[in-house]
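What follows is the residue order along each chain.
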Amino acid sequence: MELLNIKNLDLNSKKVFIRCDFNVPMDEFGNISDDRRIRSAIATINYCLDQDCAIILASHLGRPKGEKDKKYTLAPIARRLQQLLKREVTLALDVVGEDAITKAKELERHKILLLENTRYESGEMKNDKNFSSKLASMADFYINDAFGVSHRAHSSVAGITEYFDVSHKAAGFLLLKEIDFFAKLINNPARPFAAIIGGSKVSGKLEALINLLPKVDKILIGGGMAFTFLKQLGYDVGNSLVEDDLLNDAQHIMDQATKLGVKLYLPVDVVAAEKFCADSISKLTPAQEIPDGWMGLDIGPATVRLYREVLADVQTILWNGPMGVYEMDKFARGSSKIAHFVADSYATTVVGGGDTADLVQRIGVDEEISFISTGGGASLELLEGKVLPGVLPLVIED
Ligand code: AMP
């Protein structure tokens, strides 16, 4: 699959609209805790500056409900961009309102305008035509560099592309890199290939789990999602996170794994807590012996040892989703131990998902990972074999 490439556009001195993914994690004080997604957009922005362009940047942040909500302003993003680019970035007061439209119109070469959070507009998530056309009207060219949101058919990602012909739209450097990497990973992974899948729920990753099965040799499950599987095996899981409506799906995944000869691993012990809070009393227990009323919030040391052994001989590791509630120190140990092991491995290691990327960064092993994807959901959908709605309009037809 070949994509329209930013390098083939005649951008000289033109106005360019770049959809970025600045949806970065914030800490409890509202500080950006991992700016990887912002840093990853710099190559495309600098390239456009070198082509003497005027640049309009757009992104969403969090989930405002289709209206202005100060909590989700892109002001911190504008500040960080300014630091990284060492030049002024003007933040519009709105997305397609009078302020943004006027500023976009008057934008001069080498100047950068950042629109406010695209999800301040209800049209964004509905892929609304009217909203898409207003966004498109601001620029001569459209660049998608927002891999992390390319699996969403939203206006600034999908709808907007209809207003640009093939010589006026393309993928930016980040999108090109991500798509290229995952194409290689899917078509030709070095084997054995293991996927470590964690995070909160089975529901978020059900499709991905099913579609990964024929591609991988081993699946290691952790995080909250493990308990739906453990319950299905007949274990008492206390108050651990369980999706009762997915017990059959969990069984189906285990059956498929057996049928396909894929080795599926579940935690053998857990760190159980009385309450879902950072200072709760906790104890180590075998997965079979979680006391009534307690909940498993991390994998235990025996599971870490088991998973290390399972991963010792693999050549490719894909990791999506933390092994426990890593935001609380007490329940971060399992994720941290696995992160160190993955980082030290000589296998090709791929981390996908905002939380997992945040995790390896916090632990300080991000430099040791072969590839950290800026898109969790998007990378899983690629691995499912889907063509993403934000990418499809940029595919070069034969
Ligand atoms: P996801 O967005 O599905 O990848 O899930 C990430 C979230 O899963 C993180 O915020 C973790 O705190 C949470 N998580 C991981 N393990 C557990 C667990 N055992 N119980 C509840 N939540 C968990």
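What you see is a predicted model; the values in this text were computed from it and never measured.

Section: the site of the ligand
Okay, so step 1: Taken together, 14 residues are adjacent to the ligand, and S200, K205, G296, E327 and D355 come closest.
Okay, so step 2: Residue E327 places a side-chain N or O atom 2.4 Å away from an oxygen atom belonging to the ligand.
Okay, so step 3: D355 has a polar side-chain atom sitting 3.5 Å from an oxygen atom of the ligand.
Okay, so step 4: The protein chains hide 80% of the 510 Å² of surface that the ligand would expose on its own.
Okay, so step 5: A class-by-class count of the residues in the shell around the ligand yields five nonpolar, six polar and three charged.

Examining the pattern of salt bridges
Okay, so step 1: According to the stated counting rule, one finds 12 salt bridges in the structure shown.
Okay, so step 2: For D366, the salt bridge identified is with R36, shortest N-O distance 3.1 Å. Residue D366 is located in the loop between α12 (354–363) and β15 (371–372), and its partner R36 is located in helix α1 (residues 36–50); the two are separated by 330 residues in the primary sequence.
Okay, so step 3: For D366, a relative accessible area of 15% gives the class buried.
Okay, so step 4: Where D313 meets K218, a salt bridge forms, and the shortest distance between an N and an O atom there is 2.9 Å.

Focus: the sheet that holds strand β12 (residues 295–299)
Okay, so step 1: Strand order across the open sheet formed by three strands is β11-β10-β12, with antiparallel pairing between neighbours. Taken across any chain shown, the strands that pair with only one partner, and hence form the sheet edges, are β11 (282–286) and β12. The average angle at which neighbouring strand axes cross in this sheet is 40°, direction not considered.
Okay, so step 2: Pairing of strand β10 (residues 269–273) with β11, which is carried by five bridges, proceeds in the antiparallel orientation. For A272, the partnering residue across the bridge sits in β11 and is K283.

Some thoughts on a nonpolar patch on the surface
Okay, so step 1: A surface patch of nonpolar side chains, about 320 Å² in accessible area, is lined by M1, V387 and L392.
Okay, so step 2: Residue M1 is classed as exposed on the basis of its relative accessible area, which comes to 60%.

Describing the domain arrangement of the protein
Okay, so step 1: Split by domain assignment, the protein resolves into domain 1 (6–175) and domain 2 (189–383).
Okay, so step 2: The gap between the C-alpha centroids of domain 1 and domain 2 is 33 Å.
Okay, so step 3: Contact residues are listed per partner, giving 12 residues for domain 1 and 13 residues for domain 2.
Okay, so step 4: Interface area, domain 1 with domain 2, both sides summed: about 1,000 Å², of which 54% is carbon and sulfur.
Okay, so step 5: Looking only at domain 1, the three residues that lose the most surface to domain 2 are R36, F147 and H151, adding up to 55% of its buried area.
Okay, so step 6: At the boundary of domain 1 and domain 2, one finds one salt bridge.
Okay, so step 7: In terms of residue class, the side of domain 1 that touches domain 2 is built from three nonpolar, four polar and five charged.

Looking at the environment of L388
Okay, so step 1: Within the element layout of this structure, L388 appears in the segment after α13 (376–383).
Okay, so step 2: Looking at L388, the relative accessible area reads 0%, which means it is buried.
Okay, so step 3: Along the chain, L388 and R152 lie 236 residues apart, while their C-alpha atoms are 7.5 Å from each other.

Focus on the packing of aromatic side chains
Okay, so step 1: Using the criterion set out here, one finds seven aromatic pairs in the structure.
Okay, so step 2: Between the aromatic rings of F182 and F371, the centroid separation amounts to 6.1 Å while the plane-to-plane angle is 80°, which identifies the pairing as edge-to-face. On the criterion of sequence distance, the pair formed by F182 in helix α6 (residues 173–187) and F371 in strand β15 is long-range, its members being 189 residues apart. F371 matches F182 in its accessibility class, with the two residues each being buried.
Okay, so step 3: These aromatic residues form a ring-pair network of at least three members: F147, F181, F182 and F371.
Okay, so step 4: Lying across the ring of W294, K283 places its NZ or CZ 4.8 Å from the centre.

Some thoughts on the state of the cysteines
Covalent bonding between the sulfur atoms of two cysteines is what defines a disulfide.
Okay, so step 1: Counted under the stated rule, the structure contains zero disulfides.
Okay, so step 2: Cysteine C20 shares no disulfide, and the gap to the nearest cysteine sulfur, in C48, comes to 9.3 Å.
Okay, so step 3: A relative accessible area of 1% means that C20 is categorised as buried.
Okay, so step 4: Here C53 is not disulfide-linked; the sulfur of C48 is the nearest cysteine sulfur, at 4.9 Å.
Okay, so step 5: We classify C53 as buried; its relative accessible area is 0%.

A short note on the packing of helix α11 (residues 333–344) against α12
Okay, so step 1: Packing of α11 against α12 leaves a shortest axis separation of 10 Å and a crossing angle of 80°. Between α11 and α12, the angle falls in the class roughly perpendicular. Where α11 abuts α12, its residues S335, S336, A339 and H340 lie against L359, V360 and I363.
Okay, so step 2: Residues of the contact of α11 with α12, tallied by class, amount to four nonpolar, three polar and no charged.

Some details on the nonpolar core
Okay, so step 1: If you look at the biggest cluster of nonpolar residues, it comprises 78 residues, and the most contacted ones within it are I45, L57 and L81.
Okay, so step 2: The element that contributes the greatest number of residues to this core is α1, accounting for seven residues.
Okay, so step 3: Residue-level mapping places this core at the junction of two domains, with at least three residues from each of domain 1 (6–175) and domain 2 (189–383).
Okay, so step 4: Those residues in contact with I45, other than ones at most four positions away along the chain, are I18, I55, L57, L81, L85 and I112.

The rules behind each value
Residues numbered from 1 in each chain as written. Predicted model: local features only at pLDDT ≥ 70, side-chain atom pairs only at ≥ 80, totals over all residues. Heavy atoms only, no water. Near = heavy atom within 4 Å. Polar contact = N/O pair within 3.5 Å; in protein donor to acceptor, adjacent residues only side chain to side chain. Areas by Shrake-Rupley, 256 points an atom, 1.4 Å probe, with all protein chains shown as cover. Nonpolar A, V, L, I, M, F, W, Y, C, P; charged D, E, K, R; others polar. Salt bridge = Lys/Arg side-chain N within 4 Å of Asp/Glu carboxyl O. Helix = DSSP H or I, 4+ residues; strand = E, 2+ residues; numbered from the N terminus. Buried < 20%, exposed > 50% of the residue type's maximum accessible area, 1.4 Å probe, protein only. Pairing = 2+ DSSP bridges. Axes fitted to C-alpha atoms, helices over the stretch in contact; angles between N-to-C directions. Patch = residues over 30% accessible without salt bridge, like charges linked within 9 Å, V, L, I, M, F, W, Y side chains within 5 Å. Domains from an automatic or database assignment. Contact = heavy atoms within 4.5 Å. Buried area = accessible area lost by both parts, 1.4 Å probe. Phe/Tyr/Trp six-rings, centres within 6.5 Å; stacked < 30°, edge-to-face > 60°. Lys NZ or Arg CZ within 6 Å of the ring centre and 35° of its normal. Disulfide = S-S within 2.5 Å. Parallel < 35°, antiparallel > 145°, perpendicular 65-115°, else oblique. Core = buried A, V, L, I, M, F, W, Y, C linked by side-chain atoms within 4.5 Å.

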